[in-house]
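Observations on chain architecture
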2 protein chains.
Amino acid sequence: MPNERRRKIAQTSLLLQSFPQDIQETLLGLSSWREYDRGETLFLQGESAHAIHIVTDGWVKLYRIAPNGGEAVVNVFAKGESFGEAVAFRGHAYPVSAEAVTACEVMRIPSVALLEAMRKDPEIAVSVLASTFTHLHSLVAQLEQLKAQTGPQRVAEFLLGLCHQEEGSCVVTLPYDKFLIAGRLGMKPESLSRSFSKLKTVGVHINRNNAAIENIDRLREYSETDPVEAWHKAQ
Amino acid sequence: MPNERRRKIAQTSLLLQSFPQDIQETLLGLSSWREYDRGETLFLQGESAHAIHIVTDGWVKLYRIAPNGGEAVVNVFAKGESFGEAVAFRGHAYPVSAEAVTACEVMRIPSVALLEAMRKDPEIAVSVLASTFTHLHSLVAQLEQLKAQTGPQRVAEFLLGLCHQEEGSCVVTLPYDKFLIAGRLGMKPESLSRSFSKLKTVGVHINRNNAAIENIDRLREYSETDPVEAWHKAQ
DNA sequence: TTGGTCCCTTGACCATAGTCATGTCACGCG
DNA sequence: CGCGTGACATGACTATGGTCAAGGGACCAA
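1. Describing the overall build of chain A
- For chain A, the helix and strand inventory stands at ten helices and eleven strands.
- Relative to the compact-globule value of 18 Å for 235 residues, chain A shows a C-alpha radius of gyration of 19 Å, a close match.
- In terms of overall dimensions, chain A has C-alpha extents of about 60 × 40 × 35 Å along its principal axes.
- Residues classed as buried in chain A amount to 54% of the 235 residues present.
- Of all intrachain contacts in chain A linking residues separated by at least 6 positions in sequence, the fraction that spans at least 24 positions is 71%.

Structure (structure tokens):
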């Protein structure tokens, strides 16, 4: 079994990387792994939480089903990212559901194990808090996007987040299908499609699941301009 | 000075209430208080954080200014609520700005003091995490509302959150001005006004800053129905 | 009482995005 | 090769909510 690979990924995950070596080992020893097929459910909102999850391969989405039936995608996690930190400690109910969007592999650290580690080394608690803060921050950023930006602007920012360059041109690969991207950005697939066409006027061209960005600065400027100005530019 | 009152409120705050008596005392001793006038800024996004804030009187709003100039209200905190837990420990930059929406009084616990307390008693760390989780949860709930509910439905849910009853009828007082409520719900004051008029058809009547709810169950049902159905009901 | 200000409401108009229906294109299979 | 399937794009129509402008009403001070 590819146990070494899993360990390596887990150790370089955002949550565990700052832990001392010996605590990493202990936690890895107490953890379990599981593989999921695309579409499988990891847990449902309302279930009580007893473990922290770290994605070691594939993609996992967190979503919420509103009382009226609408689905809101809260976040999508890739290899090396963790979720469920804050929920697990008090055995609270998950506020969201989790589903594999590709075949994936997930490591679970029982919350009691992490609690034990926190008792030994209070620095661990700070790391967990820092990790939770990252999630808080991402949610705040999403709220800002939804409240203060138009659809095409949100798409622009999403694309900017994918290319790890500051300027020039580049080609990025869309990480998951457009249906899910649309959900993540709070819109319908049709609107995503239309947003892509609007972005042609600022030098973005979509081909299959690749997006070619002519000029990163130009796209950033577009995502940061006032909605009403943006409208004139993208006319 | 009304030092006793402050202490009492701080001790019953969501963050501190579960702490052992002696740690509460230590933290209170190391904390500072400050009063703010309406409209004053507590801190701005980008500043680095070194303290946890607890509101002991009045209301404080957390908001974010997007690059395009749009304001997104992230949350509004009342007496007894705390914010900034997760940010402070690593001296990270605040992801949001804070402003007094009424005259208010805020207690600050230096993060080093809380860190010290966490070293003494790991249970403290769990409490801080639990408090952070509450914020995470509230953000997730807001995301869901924005993505999956119409304006009037969000207003309905906001009103339901204000009345601490399960059924029957009641009158609630709007806690802050309508401009801010609109921001908190991701809409313009005009839209809030229109939402209120729509809610008349499900038995909600607004008078100055009081909202009379005829039947809580009816309002809840409205907030939970499908947007397209909701439209027919509120016609 | 008068006038002024502030806050909220209302109406008209329009852009953004959702819905529904249809069209296109790549891919896999017999 | 034709056919079906699934993912995506596009077009027409509609509704939700933003913008701008005007109106009402509470409150305050002269």
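2. Some details on the packing of helix α2 (residues 21-30) of chain A against helix α4 (residues 111-120) of chain A
Residue and element names in this part refer to chain A.
- Between α2 and α4, the least distance of the axes is 10 Å, while the angle of their chain directions is 160°. It follows that α2 is roughly antiparallel to α4 by the angle criterion. Once α2 is placed against α4, the crossing between them reads as right-handed. Of the residues in α4, those in contact with Ile-23, Leu-27 and Leu-30 of α2 are Ala-113, Leu-114 and Ala-117.

3. Re the interface of chain A and chain B
- Contact with chain A, which involves 50 residues of that partner, is made by 50 residues of chain B.
- Looking only at chain A, the three residues that lose the most surface to chain B are Asn-68, Leu-129 and Lys-147 of chain A, adding up to 16% of its buried area.
- Where chain A touches chain B, the interface holds 16 residue pairs in polar contact (both at pLDDT 80 or more).
- Listing elements by their share of the side of chain A that touches chain B, those giving two or more residues are β4 (60-65), β5 (71-77), α3 (85-88), α4, α5 (122-148) and α7 (178-184) of chain A.
- Class assignment for the residues of the side of chain A that touches chain B results in 28 nonpolar, 13 polar and nine charged.

4. As for the environment of Asn-215 of chain B
Residue and element names in this part refer to chain B.
- Within the fold, Asn-215 resides in the loop between β11 (210-213) and α9 (216-224).
- Judged by its relative accessible area of 32%, Asn-215 is partly exposed.
- Separated by 73 residues in sequence, Asn-215 and Gln-142 have C-alpha atoms that sit 24 Å apart.
- Polar contacts involving the side chain of Asn-215 include one to the main-chain amide nitrogen of Asp-217, which spans 2.9 Å.

5. Some points on helix α4 (residues 111-120) of chain B
- Along α4 of chain B, the residues that are buried comprise Ser-111, Ala-113, Leu-114, Leu-115, Ala-117 and Met-118 of chain B.
- Its buried side turned inward, α4 of chain B meets α5 of chain A together with α2 (21-30), β3 (51-57), α3 (85-88), β8 (104-110) and α5 (122-148) of chain B.

6. As for the relation of the copies chain A and chain B
- By a simple turn and slide, chain A fits onto chain B: the slide is 0.1 Å along the axis, the RMSD is 0.1 Å, and the turn is 180°. Considering both components of the superposition, the chain copies are consistent with a two-fold axis.
- The fraction of interface residues of chain A whose copies in chain B are also interface residues reaches 100%, indicating that both copies meet through the same surface.

7. Overview of the pairing of strand β11 (residues 210-213) of chain A
Residue and element names in this part refer to chain A.
- What you see with β11 is a clean split: Ala-211 and Ile-213 sit on the buried side and Asn-210 and Ala-212 on the side with no burial.
- Relative to β11, strand β9 (residues 170-173) is paired through four bridges, and the arrangement is antiparallel. Directly across from Val-171, in β11, lies its bridge partner Ala-212.
- The pairing of strand β10 (residues 204-207) with β11 spans four bridges and is classified as antiparallel. Its bridge partner being in β11, Ile-206 is matched across the sheet by Ala-211.
- Joining the antiparallel neighbours β10 and β11 is a turn of two residues, in which Arg-208 adopts a positive phi near 55°.

8. Quick look at the pattern of salt bridges
- According to the stated counting rule, one finds 26 salt bridges over all chains in the structure shown.
- A salt bridge links Arg-64 of chain B to Glu-144 of chain A, with the nearest nitrogen and oxygen atoms 2.1 Å apart. You can see Arg-64 of chain B sitting in strand β4 (residues 60-65) and its partner Glu-144 of chain A sitting in helix α5, one on each of two chains. Accessibility classification places Arg-64 of chain B together with Glu-144 of chain A in one group, the buried group.
- The closest approach of N and O atoms between Glu-214 of chain B and Arg-218 of chain B, which form a salt bridge, is 3.9 Å.
- The exposure class of Arg-218 of chain B is partly exposed, given its relative accessible area of 34%.
- Three or more residues are tied together by salt bridges with common partners; here these are Arg-5, Arg-6, Glu-35 and Glu-105 of chain A.

Thresholds applied
- Residues numbered from 1 in each chain as written.
- Chains lettered and ligands numbered in written order.
- Predicted model: local features only at pLDDT ≥ 70, side-chain atom pairs only at ≥ 80, totals over all residues.
- Heavy atoms only, no water.
- Helix = DSSP H or I, 4+ residues; strand = E, 2+ residues; numbered from the N terminus.
- Rg over C-alpha atoms; globule rule 2.2 N^0.38 Å.
- Buried < 20%, exposed > 50% of the residue type's maximum accessible area, 1.4 Å probe, protein only.
- Contact = heavy atoms within 4.5 Å.
- Axes fitted to C-alpha atoms, helices over the stretch in contact; angles between N-to-C directions.
- Parallel < 35°, antiparallel > 145°, perpendicular 65-115°, else oblique.
- Left-handed = near helix turned anticlockwise from the far one by under 90°.
- Buried area = accessible area lost by both parts, 1.4 Å probe.
- Polar contact = N/O pair within 3.5 Å; in protein donor to acceptor, adjacent residues only side chain to side chain.
- Nonpolar A, V, L, I, M, F, W, Y, C, P; charged D, E, K, R; others polar.
- Least-squares fit on C-alpha atoms with pLDDT ≥ 70 in both.
- Pairing = 2+ DSSP bridges.
- Salt bridge = Lys/Arg side-chain N within 4 Å of Asp/Glu carboxyl O.

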